[in-house]
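Each chain, written out:
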Amino acid sequence: MLESPRNINSGKTNSGEKDFGTPRRTSGQEVTLEIDGMQVTVAAGTSIMRAAAEGGVNVPKLCATDSLEPFGSCRLCLVEIEGRKGYPASCTTPVEAGMKVRTQSPKLQTLRKGVMELYISDHPLDCLTCAANGNCELQDMAGVTGLREVRYGYDGENHLVSNKDESNPYFTYDPAKCIVCNRCVRACEETQGTYALTISGRGFESRVSPGQDQPFMDSECVSCGACVQVCPTATLQEKTVIEKGQAEHSVVTTCAYCGVGCSFKAEMKGNEVVRMVPNKDGHANEGHSCVKGRFAWGYATHQDRILKPMIRSKITDPWREVSWDEALNYAAAEFKRIQKKYGRDSIGGIVSSRCTNEEAYLVQKLVRTVFGNNNVDTCARVCHSPTGYGLKQTLGESAGTQTFKSVEHSDVIMVMGANPTDAHPVFASRMKKRLSEGAKLIVIDPRHIDLVRSPHVAADFHLQLKPGTNVAILSALAHVIVSEGLLATEFIAQRCEDKAFQQWKDFVALPENSPEAMQEITGVSAELVRGAARLYATGGNAAIYYGLGVTEHAQGSTAVMGIANLAMATGNIGREGVGVNPLRGQNNVQGSCDMGSFPHELPGYRHVSDSTTRHLFEQAWGVEIQPEPGLRIPNMFDAALDGSFMGLYCQGEDIVQSDPNIQHVAAALAAMECIVVQDIFMNETAMYAHVFLPGSSFLEKDGTFTNAERRISRVRKVMPPKAGYADWEVTIELAQRLGYEMHYAHPSEILDEIARLTPTFHGVSYEKLDRLGSIQWPCNEAAPLGTPIMHVDHFVRGKGHFIITKYVATDEKVTRKFPLILTTGRILSQYNVGAQTRRTSNVQWHEQDLLEIHPHDAEERGVVDGGWVSIHSRAGETVLRAKVSERMQPGVVYTTFHFPESGANVITTENSDWATNCPEYKVTAVQVKPVSEPSEWQKKYTRFSKVQHELLGKARQSKSIA
Amino acid sequence: MDMQNLVHMANKIGDFFEAMPDREEALLGIAGHLHNFWEPRMRSQLLDYVDAENGKDLKPIVVTAIRTYRSKLVSQH
Ligand code: SF4
Ligand code: SF4
Ligand code: SF4
Ligand code: FES
């Protein structure tokens, strides 16, 4: 068994990690100096403070911390330098060769004591009952400087009676304890890039203030917590710490929300989480996080968690709580019965992009070995399947090409169909940092997303295209590159297939692909397109980041290929600062795809018809594997309505809420005879289920997640599974009852099997992950430490393959009846279907889904801000409150889908990407009008949902009586 | 399964490959895509439809691809 690394927590800001005071500098030049008689060699540009810390001497400090640029305000870090007058601050003074520094002397001690005395005279002396007690840098410094008395007394003018700001649900601001060190202000600027904080007032009056002297919740603050993390005192403090006290140990694990995959230290008291602190050594996030990962973990212990297995024979029956044994036996018997009656291919499974790699692997293994078919799919189907297809066809591997850190080397950043500040916040912070250093920005999005204009960041080009015209824009950009001679001819000649390139070149050069010709279709002026193309092709290192606004279209796969074409045509691939980077939605989208969760692929993206691969797995698993692809999620629904697909094992996925055209999905599920749902909550899909198996949260199991950079990181168990089993154990139990033994004592053994059978994973193991922290695949004999940047010398497929991407208008056309286009997205505080975030205080930022509509469209329809409106498409109708907003262009409306009762997916249609059946969420033709009551669907939903909750309530009651 | 939907999906595949200048490549592309990504029951339904309805509502290039590579598209089991 593997031990979780545990360490005792000390130091408020860094959760047990050493604080070097100022950031690391990299330089080819080294400098040697003497500190306290000791020789120290560091990179040129390093501060004296950091050099001392690297040499093992910790100079007292308050305003400096190594995640922020030094500020030099507290004067506690003074040192003496031989041959220099005065006492320079070591945090702001860079090292020089031959310098002789003294960090301690009687004079320095007196000066420091004087500084501390001033601070303490205006600081409450309630250390024993303070939330930061035992973890406070002010306390530490009082100790280090030997402060024994405060001559000024405590009754002079002070801030001890200032009011606390409790508005943020997760942290408190207590100005009485503030020492005005400015760390929080710098963290908000440098680490987060939001610029929500300032120091207002001067001299004695000065205090930290969010926005215009507003409470935190009314300001621009996005609650990332970076300021809380760097605050050296209890001024900014997590409410959970105030409530529970300081942690006694911590465990490194990975965030279970988005595809950034931030590394965290879960700070614990026994089995209880006290707080989550982003891990400074985490390669994806380097010590930063967003509101979801840092604060919104309360759902894991929410009272709505279902902890007992339940069964029922019809979905109109009340649920019955049963033992694990009975539930699993029932599920197994049902699956056998259905296969006997309807044939081997009549059942299947769905793998979650939220569960671990090991769990994903086991579910597809169960389907292929026990069910004996390939009817396995993952919810990545509905988000990034076009990425897998498009990048495999062009570059040869179904994954992004870079590390997140690579953006530090980008000169031009193109963001297409993605809204990183909301959906991938920690990566957005990195990106904003690079942009504020001068990198250029091209945004291609129908919406005026925050990145287009925010403090210290402005897009050089915003191509505000009409939804559904991505491929047209990409062809127009390519046209400019080809016709204006901006091609990277040498790169193309060396690295790409010539015939395909020539064909592509001829195609994009056609007059119909020119920006002028496309203007009518895309709604973007040719001049803007030309400017953006020139900038992308000639502005230096250019990187493309894209999201679901590219994939979730009828031409999603085509657009992904179009992006890869652009990168190849300009030679922007295979080194730092460039590349093609999908921003993945859920935490383990990349991983679930890698694990062979698609019906046509075995682990490692190898087609089931490939007999060599099939034989490899057949030998390892001892069964015969079908050579034909299985059903994809939308095909499963169609087959269910046809009566040929009757049983489903669905792990950790809420297909009823997240898939398009809910009414179609619900009808399909209602037609099936046995649905087994494994989840932590009674989700929307579970309302159609016959067997409910309680799932486990990421805090309750061991495993790995793979983020959008192909980075495999450990998930570590910090508490026992609340319902008794981790999800991987449940799959093993189910397989066994269906007559197949899976022998794994620990998830590490599952990963060992994956590594053995998958060439890109050959070198991955828990031992290596513990040693390196994280690994980017491919990791094998050729790349033992993993592969940060892909396609360096040659493409994975050999030569890069240009593919012709012809624009084809979607069938979802605006008409007189449906004159507006609805597009969907997500916001920062909520996550996907919201099952987790809705059960946290994050609802304070977003308590319902709203329909955003342009003032012009609103006025024409008599829609007022905050009023109810109905949204009608050919698939259905729902009612939401309106938000009149200029972020939308006229003709386009927008909503999120975080709440089930909003029914955003009642209106989305089952139109889908031609190659992968990824739904066209981003384009639905609708009409909007003001109304006074919920839609028919919502009334029906409310009734159904109420009945289902009563049926659940009965299960719980019967238990408590029994 | 809903035949209209299958026809619609097949036509979308046709739209993509039709843009290729090399017609042989396009036909092979269409057939290959159906073979690699469509579950056998979807394929056989489409094949039956082409036979019974003479490919009504299907793009000509899709019908040609299906007829040319029919044997490849018949389920292996
Ligand atoms: S929580 Fe984040 S956004 Fe809010 S003030 Fe602090 S650093 Fe700025
Ligand atoms: S709130 Fe904390 S970090 Fe900000 S200035 Fe005050 S003491 Fe420093
Ligand atoms: S939700 Fe994403 S950005 Fe936020 S902490 Fe988790 S992994 Fe990081
Ligand atoms: S730590 Fe150097 S001046 Fe505050």
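A brief structural summary. (Residues numbered from 1 in each chain as written. Chains lettered and ligands numbered in written order. Predicted model: local features only at pLDDT ≥ 70, side-chain atom pairs only at ≥ 80, totals over all residues. Heavy atoms only, no water.)

## Quick notes on the overall build of chain A
At step 1: A tally of helices and strands in chain A yields 30 helices and 37 strands.
At step 2: Taking 30 Å as the expected radius of gyration for a compact globule of 962 residues, we find that chain A reaches 29 Å, a close match to that expectation.
At step 3: Each of the three principal axes of chain A carries a C-alpha extent, and together these read 90 × 80 × 65 Å.
At step 4: For chain A, with 962 residues in total, the buried portion stands at 66%.
At step 5: Pairs at least 24 apart in sequence give 73% of the contacts found in chain A among residues at least 6 apart.
At step 6: In the structure as shown, chain A presents an accessible area of about 33,300 Å², 51% of it carried by carbon and sulfur atoms.
At step 7: Across chain A, the mean location of the 99 positive side-chain charges is 1 Å away from that of the 111 negative side-chain charges. (Helix = DSSP H or I, 4+ residues; strand = E, 2+ residues; numbered from the N terminus. Rg over C-alpha atoms; globule rule 2.2 N^0.38 Å. Buried < 20%, exposed > 50% of the residue type's maximum accessible area, 1.4 Å probe, protein only. Contact = heavy atoms within 4.5 Å. Areas by Shrake-Rupley, 256 points an atom, 1.4 Å probe, with all protein chains shown as cover. Lys, Arg positive; Asp, Glu negative; His and termini not counted. Charge placed at Lys NZ, Arg CZ, Asp CG, Glu CD.)

## Points about empty space enclosed by the protein
Residues and elements named next belong to chain A.
At step 1: Under the criterion given, the structure shown has eleven cavities of 30 Å³ or more.
At step 2: Looking at the largest cavity, its volume works out to about 550 Å³.
At step 3: Lining the largest cavity are 38 residues, with L548, G549, T824, G825 and K922 positioned closest to its centre.
At step 4: Listed by contribution, the elements that provide at least two residues to the lining of the largest cavity are α18 (548-551) and β32 (820-825).
At step 5: No other element matches β32, which puts three residues into the lining of the largest cavity.
At step 6: Computed from the structure, the second largest cavity encloses a volume of approximately 240 Å³.
At step 7: Around the second largest cavity, the lining is made up of 20 residues, and of these R354, I680, S696, S697 and Q836 lie nearest the centre. (1 Å grid on protein atoms, 1.4 Å probe; cavity = no way out; pocket = protein on both sides within 12 Å on 5 of 7 lines; lining within 4 Å. Points joined across faces, edges and corners; volume = space filled by probe spheres on them.)

## Some words on the site of ligand 1
At step 1: In the region of ligand 1, the neighbouring residues are C188(A), L197(A), F216(A), C221(A), V222(A), S223(A), C224(A), G225(A), A226(A) and C227(A).
At step 2: Its residues assigned to classes, the shell around ligand 1 shows eight nonpolar, two polar and no charged. (Near = heavy atom within 4 Å. Nonpolar A, V, L, I, M, F, W, Y, C, P; charged D, E, K, R; others polar.)

## A few points about the interface of chain B and chain A
At step 1: With 29 residues of chain B at the interface, the matching set in chain A holds 33 residues.
At step 2: Summing both sides of the interface, chain B and chain A together bury roughly 2,600 Å²; the carbon and sulfur share of this comes to 56%.
At step 3: For the pair chain B and chain A, the interface holds four salt bridges.
At step 4: A salt bridge links E628(A) to R43(B); the shortest N-O distance between them is 2.8 Å.
At step 5: Here chain B and chain A share ten residue pairs in polar contact (both at pLDDT 80 or more) between them.
At step 6: Those elements that provide at least two residues to the side of chain B that touches chain A are α1 (3-18), α2 (23-37) and α3 (40-53) of chain B.
At step 7: Broken down by class, the residue content of the side of chain B that touches chain A amounts to 13 nonpolar, nine polar and seven charged. (Buried area = accessible area lost by both parts, 1.4 Å probe. Salt bridge = Lys/Arg side-chain N within 4 Å of Asp/Glu carboxyl O. Polar contact = N/O pair within 3.5 Å; in protein donor to acceptor, adjacent residues only side chain to side chain.)

## Quick look at the side chain of H33(B)
At step 1: Among the secondary structure elements, H33(B) is positioned in helix α2.
At step 2: Given the relative accessible area of 2%, H33(B) is considered buried.
At step 3: In this structure H33(B) touches Y389(A), W914(A), A915(A), I13(B), F17(B) and W38(B), once residues within four positions along its chain are discounted.

## A few points about the layout of surface pockets
Residue and element names in this part refer to chain A.
At step 1: Reported here for the largest pocket is a volume of approximately 1,700 Å³.
At step 2: As for the largest pocket, its lining consists of 48 residues, and the residues nearest its centre are K280, E286, K405, E408 and R430.
At step 3: When residues of the lining of the largest pocket are traced back to their parent elements, those giving at least two are α4 (183-192), α5 (226-230), α12 (425-436) and β31 (774-776).
At step 4: At five residues, α12 tops the list of elements feeding residues into the lining of the largest pocket.
At step 5: Grouping the constituent residues of the lining of the largest pocket by class yields eleven nonpolar, 19 polar and 18 charged.

## Points about the sheet that holds strand β28 (residues 691-694) of chain A
All names here are of chain A.
At step 1: Sheet architecture is open: seven strands sit in the order β14-β13-β28-β27-β26-β15-β16, paired in mixed fashion. Looking along the sheet, the strands with just one partner apiece sit at the ends: β14 (320-321) and β16 (376-378).
At step 2: Note that strand β15 (residues 347-351) and strand β26 (residues 647-651) share four bridges and pair parallel. Among the inter-strand pairings, G349 is bridged to a residue of β26, identified as Y649. (Pairing = 2+ DSSP bridges.)

## Regarding the pairing of strand β10 (residues 249-254) of chain A
All names here are of chain A.
At step 1: In terms of burial, β10 is a largely internal element, five of the six residues being buried.
At step 2: Note that β10 and strand β11 (residues 263-269) share six bridges and pair antiparallel. Each residue of the ladder has a partner; that of V252, found in β11, is K265.

## Quick look at the site of ligand 3
Residue and element names in this part refer to chain A.
At step 1: Around ligand 3 sit 13 residues, and of these C255, Y257, C258, C262 and C290 come closest.
At step 2: Of all the secondary-structure elements, those providing two or more residues to the shell around ligand 3 are α7 (291-295) and α12.
At step 3: When the residues that make up the shell around ligand 3 are grouped by side-chain class, the tally is nine nonpolar, three polar and one charged.

## Comments concerning the packing of aromatic side chains
All names here are of chain A.
At step 1: Applying the stated criterion across every chain yields a total of 22 aromatic pairs over all chains.
At step 2: Arranged with centres 6.0 Å apart and planes meeting at 65°, the rings of Y257 and Y299 form a pair that is edge-to-face. One end of the pair, Y257, is in the loop between β10 and β11; the other, Y299, is in the loop between α7 and β13 (310-311), with 42 residues separating them in the sequence. With respect to burial, Y257 and Y299 carry one shared label: buried.
At step 3: Ring centres 6.3 Å apart and planes at 90° place the aromatic pair F491 and F795 in the edge-to-face group. (Phe/Tyr/Trp six-rings, centres within 6.5 Å; stacked < 30°, edge-to-face > 60°.)

## Side note on the packing of helix α9 (residues 357-371) of chain A against helix α25 (residues 727-737) of chain A
Residue and element names in this part refer to chain A.
At step 1: Their axes nearest at 9 Å, the elements α9 and α25 cross at an angle of 10°. As summarised for this structure, α9 and α25 are arranged roughly parallel, according to the angle between their axes. Residues E359, L362, V363, L366 and V370 of α9 lie in contact with α25, whose contacting residues are D727, W728, T731, I732, L734 and A735. (Axes fitted to C-alpha atoms, helices over the stretch in contact; angles between N-to-C directions. Parallel < 35°, antiparallel > 145°, perpendicular 65-115°, else oblique.)

## Considering the nonpolar core
At step 1: By size, the foremost hydrophobic cluster in this structure holds 71 residues, and its most contacted members are W319(A), L669(A), F17(B), W38(B) and L58(B).
At step 2: Among the elements that take part in this core, α1(B) stands out by supplying eight residues, more than any other.
At step 3: A domain split of this core shows at least three residues from each of domain 3 (322-383 + 588-726) and domain 5 (820-944) of chain A.
At step 4: In this structure, L58(B) is in contact with V7(B), A10(B), N11(B), L46(B), Y49(B), V50(B) and V63(B), ignoring residues within four places of it in sequence. (Core = buried A, V, L, I, M, F, W, Y, C linked by side-chain atoms within 4.5 Å. Domains from an automatic or database assignment.)

## As for the pattern of salt bridges
All names here are of chain A.
At step 1: Summed over all chains, the structure comprises 53 salt bridges over all chains.
At step 2: Note that K244 is salt-bridged to E272, the shortest N-O span being 3.3 Å. Taken together, the residues K244 in helix α6 (residues 239-244) and E272 in strand β12 (residues 272-278) connect sequence positions 28 residues apart.
At step 3: Relative accessible area serves as the criterion here: at 39%, E272 is assigned to the partly exposed category.
At step 4: Taking the shortest distance from any N to any O, the salt bridge between E484 and R534 comes out at 2.8 Å. Taken together, the residues E484 in the loop between α13 (470-483) and α14 (489-495) and R534 in helix α17 (residues 526-538) connect sequence positions 50 residues apart.
At step 5: Under the relative-accessibility criterion, E484 is labelled partly exposed at 29%.
At step 6: Assessed through its relative accessible area of 33%, R534 is described here as partly exposed.
At step 7: Through salt bridges with shared partners, a single network forms among D19, K61, E137 and R183.

## Quick notes on helix α24 (residues 662-671) of chain A
At step 1: Those residues of α24(A) that fall on the buried side of the exposure criterion are I662(A), V665(A), A666(A), A668(A) and L669(A). Looking straight down α24(A), one finds that the buried residues subtend no more than 160° of arc, so they occupy a single side. (Arc of directions from axis to C-beta.)

## Some remarks on the pairing of strand β8 (residues 207-210) of chain A
All names here are of chain A.
At step 1: Of the two faces of β8, the one lined by R207 and S209 and the one lined by V208 and P210 are each fully buried.
At step 2: Bridge analysis of strand β7 (residues 197-200) against β8 gives four bridges, and the strand direction is antiparallel. Residue pairing across strands places T198 opposite S209, the latter belonging to β8.
At step 3: If you look at the hairpin formed by β7 and β8, you'll find six residues sitting between the two strands, and G201 has a positive phi there, around 80°.

By themselves, these figures tell us nothing about what the structure is for.
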